[in-house]
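# Secondary and tertiary structure notes
Below, each chain spelled out in residue letters.
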Amino acid sequence: MDKNPSGEDNDDIDWDTEDELEIQDTVFSSCTNLRTTGQHVVCSSNGEASSSSVPFQSSKFIQQFVVMGFTEESIAKAIEQNGENSDLVLDALLTFKALDDSPEEQPSTSPQLEPSISSDDSFSEYNENILDDVYEEDSWSSDSDNCINPVGRCYLNDEGSSLSGNEKTLLFLANMGYPEEEGSIAMKRCGPEASLPELVDFICAAQLARAEDPYLPEDVKPKLKHILNDFGGYKKRKMYNGLCKRKKPREISAEEETIRLPKPMIGFGVPTEPVPTMVQRFLPKKTIGPPFFYYENVALAPKGVWDTIKRFLYEIEPEFVDSRYFSATQRKRGYLHNLPIENRFPLFPLPPRTIHEALPLSKKWWPSWDTRTKLNCLQTAIGSAKLTDKIRKAVEKYDDEPPLEVQKYVLYQCKKWNLVWVGRNKVAPLEPDEVEMLLGFPKNHTRGGGISRTDRYKSLGNSFQVDTVAYHLSVLKDLFPDGINVLSLFSGIGGGEVALYRLGIRLNNVVSVEKSEANRNIVRSWWEQTNQRGNLIHFDDVQLLSRDCLEKLIGSFGGFDMVIGGSPCNNLAGSNRVSRDGLEGKESSLFFDYVRILDDVKSIMSRHR
């Protein structure tokens with residue numbers, strides 16, 4: 001984030017994961033009470049900011065570790081290094097235990113790791129008094145003096161040590177209480193040169209996303225509350241078990257690696273950038289012409305997913321596009337289709353391309369140190385009122401610009417949750433109608449009809465960016481001057497239909513397949529309010545759309561000119577650390593129903609010709 005404060009693309013932080021926040025069965029822990037010492041944020045196990053100045057009764061202090069099975073000698077050593085701070089002492093004891101239990105990995109001749117926390121008097125009073133109220137993410141706790149070098153790299157004294165660099169980093173992450181699997185994923189995703197703070201930031205972002213997901217099932221919330229309230233015991237037990245077992249980190253298969261995306265992400269061209277000079281596109285003969293098809297999903301899917309999608313969709317190369325070239329918000333998506341790519345044109349009037357163009361009233365309150373010009377990828381969830389209040393308290397403490405560390409924290413949260421400035425020192429999440437505008441939908445598209453505010457955010461977060469899709473579909477206007485028949489799979493809130501309508505293409509017959517009743521109601525309401533003259537037919541499950549049903553539909557109005565849709569990204573999204581199973585996942589495997597239905601449509605229509 002330091003390298004890129006403007007909010008533009010950042011390879012170090014996977015900002016695109018947050019727009020696909022999905023409900024998971026497993027909940028990760030999150031720390032809510034923090035303080036800082038030097039450059040280390042320390043989380044206390046009793047839910048309060050710990051301090052070495054708090055008095056302890058020595059006998060009781062030592063006894064609490066004796067009953068855990070640690071020797072008095074190791075306890076005395078840990079206290080000598082860290083003072084009577086139970087959190088730091090326990091970290092040290094667990095590290096000693098791990099090293100003692102692993103003689104084959106830590107030869108007796110190598111120096112032992114001695115955790116301690118260094119102090120830094122240059123840190124402002126903010127670090128001591130405000131961060132414990134502001135941060136909502138897991139902390140990264142004490143590291144040894146020989147662990148963190150001036151640029152934040154993690155290393156050990158290599159003299160006599162047989163541990164590899166990755167193993168040493170994983171050991172430190174384990175000492176901080178992070179599961180080995182999470183550490184492995186972070187190291188794989190952030191790259192071999194990532195610093196320890198960068199790895200911790202990556203893990204914290206995933207954990208915080210789950211802890212603040214408003215769609216968390218009710219039966220999971222009590223468990224999460226228990227974990228958050230009893231953070232110390234939960235996390236330390238996991239740390240103790242992980243260190244004692246000394247399991248090797250799980251190997252991450254090639255399927256879990258993300259695909260390397262083009263830069264700039266403009267596909268076969270966008271209106272605001274020069275057309276790529278070396279665009280080469282091959283369409284198999286059998287895919288040229290109608291019925292046209294258009295498939296969309298997240299660009300940052302696990303490696304191998306887009307290869308599989310391409311293989312099942314006639315070996316056509318996908319077009320990867322970021323909606324930042326069409327709007328004021330980023331949205332990285334892959335589009336695989338057999339549409340022509342010549343003579344495209346954008347929707348008019350052109351949408352706002354920067355935050356201040358889209359939200360002009362915010363400019364008055366925007367601080368000079370917030371240099372964002374684009375919003376991050378829009379999410380299915382929003383930042384909490386508690387978070388925005390903490391940011392207000394953190395910023396209003398200073399008459400002038402807040403210190404750099406406060407700015408960094410606020411910018412991180414603003415980018416993460418797309419918070420905008422709505423008053424002096426006040427940030428707020430986007431309103432649903434603002435999200436509609438940024439995604440190219442008409443005002444109040446998702447409003448009313450018994451649809452809750454929460455459902456509005458969820459539906460919008462899972463939708464198309466209309467301006468981007470319309471640019472690709474614009475080639476259909478001359479091809480179908482008398483109107484078009486559309487099969488819309490996984491319709492959502494009708495992004496494809498809205499794009500065609502805004503292009504001036506008449507919708508003769510639309511068969512919309514969408515599981516969510518709220519989304520079906522939104523599309524039906526839009527259809528009526530825009531006085532569509534064609535026929536809208538709704539189905540609620542792609543798995544029940546059989547060949548016989550398609551035969552009847554095609555027979556009734558002569559076939560489909562276009563099959564459009566994007567199957568669920570639940571098991572593809574980067575924010576899903578539990579069931580990111582790719583196209584084998586429960587929800588994302590519905591891609592194969594898209595393929596099945598498309599093949600059936602092509603087969604039936606070829607026979608009718």
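Note: the structure precedes this text.
Residues numbered from 1 in each chain as written. Predicted model: local features only at pLDDT ≥ 70, side-chain atom pairs only at ≥ 80, totals over all residues. Heavy atoms only, no water.

## Overview of the nonpolar core
What counts is decided by this rule: Residues belong to one nonpolar core when they are buried, are Ala, Val, Leu, Ile, Met, Phe, Trp, Tyr or Cys, and are joined through side-chain atoms within 4.5 Å. Note on exposure labels: buried denotes an accessible area under 20% of the residue type's maximum, exposed denotes more than 50%, and partly exposed covers the range between, all computed with a 1.4 Å probe on protein chains only. Secondary structure follows DSSP: runs of H or I at least 4 residues long count as helices, runs of E at least 2 residues long count as strands, and numbering of each begins at the N terminus. Residue contacts are defined here by distance: any two heavy atoms, one from each residue, within 4.5 Å place the two residues in contact.
Of all hydrophobic cores here, the largest spans 67 residues; its most connected members are V410, L473, L476 and M562. Looking at this core element by element, the count peaks at six residues for helix α14 (residues 404-417). When near neighbours in sequence (up to four residues on either side) are disregarded, L473 contacts Y294, L339, G496, A499, L500, L503, I505, M562 and I564. Core analysis: the next-biggest nonpolar cluster, separate from the first, contains 42 residues, L300, L336, V542 and L598 among them.

## Overview of the packing of helix α17 (residues 466-473) against helix α19 (residues 495-502)
Worth spelling out the cut-off: In this description, a line fitted to the C-alpha atoms serves as the axis of each element, helices being fitted only across the stretch in contact, and the angle between N-to-C directions of two axes falls anywhere from 0 to 180 degrees. Throughout, the term roughly parallel applies to angles under 35 degrees, roughly antiparallel to angles over 145, roughly perpendicular to angles from 65 to 115, and oblique to all others. Crossings are assigned a handedness: left-handed for a near helix turned anticlockwise from the far helix by less than a right angle, right-handed for a clockwise turn. Residue classes follow a fixed rule: Ala, Val, Leu, Ile, Met, Phe, Trp, Tyr, Cys and Pro count as nonpolar, while Asp, Glu, Lys and Arg count as charged, and any other residue, Gly among them, counts as polar.
For the pair α17 and α19, interaxial distance at closest approach is 9 Å and the crossing angle is 60°. Compared by their axis directions, α17 and α19 come out oblique. Relative to α19, the crossing made by α17 is right-handed. In this structure, α17 uses V466, D467, V469, A470 and L473 to contact α19, whose residues at the interface are G495, G496, V498, A499, L500 and R502. For the contact of α17 with α19, a count of residues per class yields seven nonpolar, two polar and two charged.

## Description of the pattern of salt bridges
Test applied: Whenever Lys or Arg places a side-chain nitrogen within 4 Å of a carboxyl oxygen from Asp or Glu, that contact is recorded as a salt bridge.
Within the structure shown, the criterion is met by 14 salt bridges. Two residues, R372 and D370, come together in a salt bridge whose shortest N-O distance is 2.8 Å. The class for D370 is buried, based on a relative accessible area of 3%. Across the pair R596 and D593 runs a salt bridge whose closest N-O atoms are separated by 3.1 Å. Taken together, the positions of R596 and D593, both in helix α22 (residues 591-608) and three residues apart, correspond to about one turn of that helix. R596 gets classed as partly exposed once you look at its relative accessible area, which sits at 26%. A single salt-bridge network, built from bridges that share partners, covers D389, R392, K393 and E396.

## Here's the deal with the packing of aromatic side chains
Operational definition: Within 6.5 Å between ring centres, the rings of Phe, Tyr and Trp (the latter by its six-membered ring) count as paired, and their orientation is classed by plane angle as stacked under 30 degrees, edge-to-face over 60, tilted in between. Put simply, a charge is over a ring when the Lys NZ or the Arg CZ is close to the ring centre, within 6 Å, and near the line of the ring normal, within 35 degrees.
Scanning all chains against the criterion turns up 15 aromatic pairs. Consider the rings of W306 and F320, whose centres lie 5.3 Å apart with planes at 85°: the pair is edge-to-face. With W306 in helix α11 (residues 305-312) and F320 in strand β4 (residues 319-322), the pair connects residues that are 14 residues apart, well separated along the chain. On the accessibility criterion, F320 (10% relative accessible area) is buried. Each ring, one from Y501 and one from W526, has its centre 5.6 Å from the other, and the planes form 85°; the classification is edge-to-face. With Y501 in helix α19 and W526 in helix α20 (residues 517-529), this pair connects stretches of sequence that are 25 residues apart. Grouped by ring-pair contacts, the aromatic residues Y295, W306, F312, F320, F591, F592 and Y594 constitute a single cluster. The ring centre of Y325 lies 5.1 Å from the NZ or CZ of R324, which sits over that ring.

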